[in-house]
Each structure stands twice: as C-alpha cells, then as structure tokens.
Amino acid sequence: MFQRHSLRVSRLWLLAWAGVAAFYFLTLAAQTSGGDDSVYLILAKALATGQGFSRLDIAGNPPEPQYPPGWPLLLSGVAFLFPDVVNHLIAFQAVTALCSILAFPVACWLLRRNSSVPDGVLIFLVSLAFLNPYMLFVSCQQTLSEPSYILFSFLSILLLEHAVDQARPWGWMALALLTGIASYYIRVVGLTVLFSTVVYLCWKRRWLAAMLYGAGAALLLSPWAYRNLTLGLSPLGGAYGDIFTWKDYTALDANPIRSIEDIVGRIVNNAQVHILRSNPGLFLPALRGPNIAGFLQGAGLTWIGPAFGLFLAAAILIGFLNQVRKGIKLTEIYVVVYLGFILLAPWAVWRNVLPILP
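Small disclaimer: the values here were computed from a predicted structure and weren't measured. (Residues numbered from 1 in each chain as written. Predicted model: local features only at pLDDT ≥ 70, side-chain atom pairs only at ≥ 80, totals over all residues. Heavy atoms only, no water.)

Draft legend 1. Spotlight on the overall build of the chain. Along the backbone of the chain there are 16 helices and 0 strands. For the chain, with 358 residues in total, the buried portion stands at 46%. A separation of at least 24 residues holds for 71% of the contacts in the chain among residues at least 6 apart in sequence. Entry remark: accessible area of the chain is about 17,500 Å², with carbon and sulfur atoms responsible for 69%. (Helix = DSSP H or I, 4+ residues; strand = E, 2+ residues; numbered from the N terminus. Buried < 20%, exposed > 50% of the residue type's maximum accessible area, 1.4 Å probe, protein only. Contact = heavy atoms within 4.5 Å. Areas by Shrake-Rupley, 256 points an atom, 1.4 Å probe, with all protein chains shown as cover.)

Below is the structure:
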C-alpha cells in the first residue's frame with residue numbers, strides 16, 4: 001500500500017513499535033481522576049447495559065449533552081464483559097493504550113509521506129512523541145479519548161492522501177471518510193479532519209470527490225445532529241457548541257462573545273498559553289517538573305520556559321513553511337485548521353495540542 005522499505009528499516013520499525021508497546025503496557029495503571037475519563041466510563045457502562053447514551057451518575061439518567069458517543073462506544077465492549085467497571089479499570093486502560101500503540105505506525109507512515117528525513121530519524125522522533133510523559137498519561141494513566149482520536153484522524157489523513165495518488169481512489173476515499181467520521185464521533189474537534197479534507201480535495205480540483213465526500217459526511221453526521229437538535233443543543237457541537245460562544249467557560253453565568261475584539265482577545269490569549277506554556281511542557285516535560293520548576297523559580301530563570309516556547313514556535317513555523325513550499329498536502333491543511341480551532345476554543349490546555357504532537 002505504501003512506500004517500500006528495506007529489510008533493515010522494516011526491522012527498525014518493528015523494533016521501535018515493539019518497544020513502545022512494551023513500555024505502554026508496563027506503564028498501565030488502574031486509576032481514574034473523576035473527570036472526563038470517569039464520564040467516559042459511565043457512558044460506556046450505560047451503552048453496554050442497554051440504557052442508552054445517558055448519565056447513570058445523575059438522577060433520572062439524562063442524555064449526555066456534551067461528549068460524542070464514539071469513545072464510550074469503543075469502551076462499551078469492555079464494559080459488557082466487565083460490568084463492575086471500578087474493579088476492572090485496567091481492562092479499560094488497556095484499550096486506551098492499544099489505540100496509542102496502533103497509532104504509532106500510522107504516524108510513522110503519515111510522516112514518511114510528508115518528510116524527507118531518514119527513516120531512523122523519523123522513527124526516533126515519533127517514538128519521542130509517543131513516549132512523552134503527557135502522551136503516556138492520557139494513554140496509560142487515564143481512560144481519555146486523545147489516543148483513539150490520534151489513531152483515527154491520522155489514519156483518515158493517510159488514507160486520503162494515498163487515495164488521491166490512485167487511478168481508482170474511491171475505495172480508499174470511502175475508508176478515509178469512515179475513519180474521519182470516527183474521529184468526529186470520538187472528539188468534536190474531528191470536524192477539522194472532515195473540513196480539511198473537503199478543502200484539500202477542492203485545492204486538488206477533485207470537485208466530484210469533494211462533493212461526494214461532503215455529502216457522505218453530511219449523511220453520516222445527520223443522525224447525531226438530529227439527536228442534538230431534539231435536545232435543544234448545537235447540532236454538531238452538542239453542549240460544546242454553546243460553550244464555544246462563552247467568554248469564560250468556567251463561569252456559572254457565562255457572558256457570550258459579542259464582538260470581533262472578544263474573538264481576537266481569545267485567539268491572542270490562547271496563542272500565548274500554547275506557545276509559552278503548553279508547547280515547552282510537551283516538548284521538554286522536565287520544565288514543568290517540581291524540581292526543575294523550583295530551581296528556575298529560585299534562580300530567577302523562569303524566562304527559560306517561555307523563551308524555549310518562542311524558539312519552538314519559530315522552528316515549527318520555519319519547518320512548516322519549508323514543507324508548504326514543497327507542495328500542500330492534506331496534512332498541512334489539517335494542521336492549520338486544527339490550530340485555528342484550538343485558538344478559537346474557550347479553553348487553552350495542553351490536551352488540545354497533544355493530538356498533533358507527533
């Protein structure tokens with residue numbers, strides 16, 4: 001399906017993949033934070049026990065207004081086998097880890113198509129991304145949806161980029177559509193995959209493909225959109241759609257965005273948080289460790305983290321522009337659209353950046 005590799009490189013890929021898999025399973029921990037991961041487990045149990053997509057932890061079991069059903073649905077098979085969720089957390093955590101393990105070769109293939117660096121360097125960099133403490137946290141310490149989103153979003157992009165090079169692309173495009181839809185049903189931000197794909201197909205002047213992909217996406221999204229509308233929610237965003245218009249999503253009496261200045265202010269604030277805090281912590285996690293952070297604080301060197309963030313932002317921008325000069329692929333469009341989405345989001349946290357870290 002993809003480019004051929006020498007036997008040495010193939011062995012290197014397998015060795016790296018096996019190493020990452022072993023590290024993931026050795027790091028598994030049966031725990032929950034009581035936050036998003038707990039809600040996912042509750043929804044998975046509701047689906048497994050035939051109680052619909054509802055909140056079993058709330059009186060009356062109301063329908064879930066915020067999270068899409070994809071990740072709980074993937075977990076529901078485990079919940080069916082182990083109804084006593086609390087005492088079988090490790091089984092659920094294994095599903096999360098497995099998603100990251102499967103995403104590793106997909107990320108390697110995707111970056112192989114979009115990079116000219118030697119395979120050894122590429123695999124080393126992807127391994128660093130997947131062995132990042134924050135990636136390990138969401139994959140092995142919490143039952144969160146980011147690993148499965150990375151798997152399906154990267155797979156969708158990979159399949160679509162492969163499809164446009166084929167004389168008979170329709171089967172590959174159908175698979176790209178299904179995996180793109182899966183990424184949305186796992187995380188609402190998956191809309192960026194679908195939108196980016198339509199933009200890319202239009203950029204390539206594949207008008208029929210863009211029309212059919214858009215129509216297929218609309219058809220597959222319509223049941224969920226209808227369900228949300230019947231609950232008085234945003235059709236595609238659910239409760240997230242309303243939260244997106246708030247100035248401060250943590251406020252009980254949230255004021256809506258009313259002007260361009262409000263939007264620009266949010267973009268600037270989110271950019272500052274991600275450049276000066278999220279990225280330095282993701283690329284060099286030791287900076288956020290208590291020992292290093294305490295030392296820098298005591299030595300008056302707290303500027304090192306933000307300075308490193310600015311350096312990273314400049315390096316990433318230069319690399320991105322160099323890649324664009326070689327030709328625009330779906331990957332480049334997706335990165336821009338995804339970054340635009342998280343810059344407009346009402347919250348700026350490292351988990352927003354993690355899905356494009358590789």
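Draft legend 2. Quick peek at a nonpolar patch on the surface. Taken together, the side chains of Ile260, Ile263, Val264, Ile267, Val268 and Leu344 make up a nonpolar region of the molecular surface, amounting to roughly 460 Å² of accessible area. If one sorts the elements of the nonpolar patch by residue count, helix H12 (residues 260–283) sits on top with 5 residues. Locating Leu344 in the fold gives a position in helix H15 (residues 330–344). (Patch = residues over 30% accessible without salt bridge, like charges linked within 9 Å, V, L, I, M, F, W, Y side chains within 5 Å. Salt bridge = Lys/Arg side-chain N within 4 Å of Asp/Glu carboxyl O.)

Draft legend 3. Structural context of the packing of aromatic side chains. Summed over the entire model, instances satisfying the criterion amount to 10 aromatic pairs. A centroid spacing of 4.8 Å and a plane angle of 55 degrees characterise the contact between Tyr134 and Trp350, whose relative ring orientation is tilted. Within this pair, whereas Tyr134 is found in helix H6 (residues 133–141), its partner Trp350 is found in helix H16 (residues 350–353), the two being separated by 216 residues in sequence. The pair formed by Tyr134 and Trp350 is uniform in burial state, with each residue classed as buried. Plain terms: the ring middles of Tyr184 and Tyr185 are 5.2 Å apart, the flat faces sit at 70 degrees to each other, and that makes the pair edge-to-face. Put simply, the rings of Tyr40, Tyr67, Tyr240 and Trp347 pair up and form one aromatic cluster. (Phe/Tyr/Trp six-rings, centres within 6.5 Å; stacked < 30°, edge-to-face > 60°.)

Draft legend 4. Summary view of the layout of surface pockets. Estimated volume of the second largest pocket: approximately 630 Å³. Along its surface, the second largest pocket is lined by 25 residues, and Gln66, Arg187, Tyr240, Trp347 and Asn352 are the ones closest to its centre. Secondary structure elements with two or more residues in the lining of the second largest pocket: helix H2 (36–48), helix H11 (239–243), H15 and H16. Its residues assigned to classes, the lining of the second largest pocket comprises 17 nonpolar, 4 polar and 4 charged. (1 Å grid on protein atoms, 1.4 Å probe; cavity = no way out; pocket = protein on both sides within 12 Å on 5 of 7 lines; lining within 4 Å. Points joined across faces, edges and corners; volume = space filled by probe spheres on them. Nonpolar A, V, L, I, M, F, W, Y, C, P; charged D, E, K, R; others polar.)

Draft legend 5. View of the environment of Asn279. By secondary structure assignment, the location of Asn279 is in helix H12. For Asn279, a relative accessible area of 11% gives the class buried. Note: C-alpha distance between Asn279 and Gly305 (26 residues apart in sequence) is 9.3 Å. Those residues in contact with Asn279, other than ones at most four positions away along the chain, are His274, Leu312 and Val353.

Draft legend 6. Up close: H15. For H15, with 15 residues, the first-to-last C-alpha span of 21 Å sits near the 21 Å given by 1.5 Å per residue. Three or more residues of H15 are buried, namely Leu330, Thr331, Glu332, Ile333, Tyr334, Val337, Tyr338 and Ile342. Next to the buried residues of H15 lie helix H4 (89–113), helix H7 (146–163), helix H9 (191–203), H12, helix H14 (304–326) and H16. (Expected span 1.5 Å × (residues − 1).)

Draft legend 7. Region of interest: the environment of Asp84. For Asp84, the location among the structural elements is in the loop between helix H3 (70–81) and H4. Asp84 gets classed as partly exposed once you look at its relative accessible area, which sits at 37%. With 39 residues separating them along the chain, Asp84 and Lys45 place their C-alpha atoms 9.0 Å apart. At 2.5 Å, the side chain of Asp84 and the side chain of Asn87 are in polar contact. (Polar contact = N/O pair within 3.5 Å; in protein donor to acceptor, adjacent residues only side chain to side chain.)

Draft legend 8. Inspection of helix H10 (residues 207–230) at higher detail. The terminal C-alpha atoms of H10, which comprises 24 residues, lie 33 Å apart, in line with the 34 Å expected from a rise of 1.5 Å per residue. Of all the bends in H10, the greatest, near 45 degrees, is centred on Ser222, and the proline Pro223 appears no more than four residues after it. On its buried side, H10 packs onto H7, helix H8 (170–186) and H9. Looking at the residues trailing H10, positive phi occurs at Gly232, about 75 degrees. (Bend = angle between axes of the 7 residues up to and from the residue.)

Draft legend 9. Molecular detail of the packing of H14 against H15. Running from N to C, H14 and H15 point in directions that differ by 140 degrees, and their axes come no closer than 10 Å. The angle between H14 and H15 places the two elements in the oblique class. In this structure, H14 crosses over H15, and the sense of that crossing is left-handed. Contact with H14, carried on its side by Phe320, Gln323 and Val324, involves Glu332, Val335 and Val336 of H15 and no other residues of that element. Its residues assigned to classes, the contact of H14 with H15 comprises 4 nonpolar, 1 polar and 1 charged. (Axes fitted to C-alpha atoms, helices over the stretch in contact; angles between N-to-C directions. Parallel < 35°, antiparallel > 145°, perpendicular 65-115°, else oblique. Left-handed = near helix turned anticlockwise from the far one by under 90°.)

Draft legend 10. Quick look at the nonpolar core. One finds Tyr24, Phe104, Phe130, Leu160, Leu201 and Leu354 to be the most contacted residues of the largest nonpolar core, which totals 87 residues. Sort the elements by how many residues they give to this core and H4 lands first, with 13 residues. (Core = buried A, V, L, I, M, F, W, Y, C linked by side-chain atoms within 4.5 Å.)

Draft legend 11. Layout of the packing of H7 against H9. H9 packs onto H7 with a crossing angle of 10 degrees between their chain directions and a minimal axis gap of 11 Å. In terms of axis orientation, H7 runs roughly parallel to H9. Only Thr192, Val193, Thr197, Tyr200 and Leu201 of H9 make contact with H7, whose side of the interface consists of Tyr149, Ser153, Ser156 and Leu160. Residues belonging to the contact of H7 with H9 are distributed by class as follows: 5 nonpolar, 4 polar and no charged.

Draft legend 12. Layout of the pattern of salt bridges. According to the stated counting rule, one finds 7 salt bridges in the structure shown. A salt bridge links Glu64 to Arg55; the nearest nitrogen and oxygen atoms lie 3.3 Å apart. Just as Glu64 is buried, Arg55 falls in that class too. Put simply, Glu146 and Arg351 hold a salt bridge, and the shortest N to O gap is 2.6 Å. Taken as a pair, Glu146 in helix H7 and Arg351 in helix H16 lie far apart in primary sequence, 205 residues in all.

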